[in-house]
Amino acid sequence: MTNLTLEEKVAKALFDVKAVKINVGEPFTFASGIKSPIYCDNRYVLGFSKERDTIVEAFVERIDKDVDVIVGVATAGIPWASFIADRMKKPLAYVRNKPKDHGAGKQIEGPEVKGKKVVVIEDLITTGKSSLIAVDVLQKEEVRELEVKSIFSYGFDSAKENYVKYNCKFSSLSNFDVLIRLLAQTDYLTQNEAEIALEWSKNPEKWGK
Ligand SMILES: O=P(O)(O)OC[C@H]1O[C@H](OP(=O)(O)OP(=O)(O)O)[C@H](O)[C@@H]1O
Ligand SMILES: O=C(O)c1cc(=O)[nH]c(=O)[nH]1
């Protein structure tokens, strides 16, 4: 595979380290409750410095240089946000999925974000609900500008619709369509597995029911 686009390089990094899992017999359960024959474990990539670097560089290429704060979504967005903030020499913050019930009781940890231009880093978007918890909290904190970037997205309409409700921009370094197209050129998936994954993606909420 040569002359890959950024989307393809990122997808390749994910399957090169075998972060993309397929299990048709025992489907994965997503955070949203969706059952799926495919699971993309971006956390697993953290153990591979070359592929990790590919992803961090892709983020840095896609993030506005004048951003004030890099914000990670707990938990899987935090390590990526940390690498990016370090590389871009920017402040780092992160958002918990709920306020801490002791200590200072904060949901946003790190520097002040009020009035700041922030980029929210998420590892993966399925329905968008997890990252939108962070968006909601940051909007209430009156950030000046906000967008979300993730490593991977399934490209579901439900995510687009959820993001519209928050009037928030989001984008991903790579996505399901690019991944499946690239995987079709390898023997990573059998033809049957690839067909099942494609079938699932057409109606994930109903799949397997
Ligand atoms: O777009 P969504 O439908 O919300 O799904 C994606 C979210 O699900 C996963 O998080 P998970 O809850 O598994 O926890 P983690 O980040 O702590 O690993 C993933 O890391 C995203 O945050
Ligand atoms: O929606 C999720 O929970 C989810 C899907 C996926 O492929 N990978 C992941 O880490 N979470």
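These numbers were taken from a predicted model, which means no experiment stands behind them.

Asker: Where do I start with the site of ligand 1 in this structure?
Answerer: Around ligand 1, a shell composed of 13 residues is seen, among which Thr75, Asp123, Thr127, Gly128 and Ser130 lie nearest. Arginine 43 is positioned such that a nitrogen or oxygen atom in its side chain is 2.8 Å from an oxygen atom of ligand 1. Here alanine 76 contributes a backbone N or O atom positioned 3.1 Å from an oxygen atom of ligand 1. Bound to the protein, ligand 1 loses 78% of the 500 Å² it would expose on its own. Among the secondary structure elements, those contributing two or more residues to the shell around ligand 1 are strand S8 (117–125) and helix H5 (129–140). With four residues, S8 is the largest single contributor of residues to the shell around ligand 1.

Asker: In this structure, what is going on with unusual backbone geometry? I would like to understand it.
Answerer: Leave glycine aside and you will find that most residues have negative phi; peptide bonds, for their part, are mostly trans. Going from alanine 74 to threonine 75, the amide bond is cis rather than trans, its omega being -5 degrees. Along the chain, the position of threonine 75 falls in the loop between strand S5 (69–73) and helix H4 (77–88). We note that asparagine 3 has phi near 50 degrees; this positive angle belongs to a residue other than glycine. One can find asparagine 3 in the segment before helix H1 (6–16). Here asparagine 3 falls in the exposed class, since its relative accessible area comes to 78%. For lysine 89, which is not a glycine, the phi torsion comes out positive at approximately 55 degrees. Here lysine 89 shows up in the loop between H4 and strand S6 (92–95). On the basis of relative accessible area, lysine 89 is assigned to the exposed category, the value being 68%.

What counts, and where the lines are drawn
- Residues numbered from 1 in each chain as written.
- Chains lettered and ligands numbered in written order.
- Predicted model: local features only at pLDDT ≥ 70, side-chain atom pairs only at ≥ 80, totals over all residues.
- Heavy atoms only, no water.
- Near = heavy atom within 4 Å.
- Polar contact = N/O pair within 3.5 Å; in protein donor to acceptor, adjacent residues only side chain to side chain.
- Areas by Shrake-Rupley, 256 points an atom, 1.4 Å probe, with all protein chains shown as cover.
- Helix = DSSP H or I, 4+ residues; strand = E, 2+ residues; numbered from the N terminus.
- Buried < 20%, exposed > 50% of the residue type's maximum accessible area, 1.4 Å probe, protein only.

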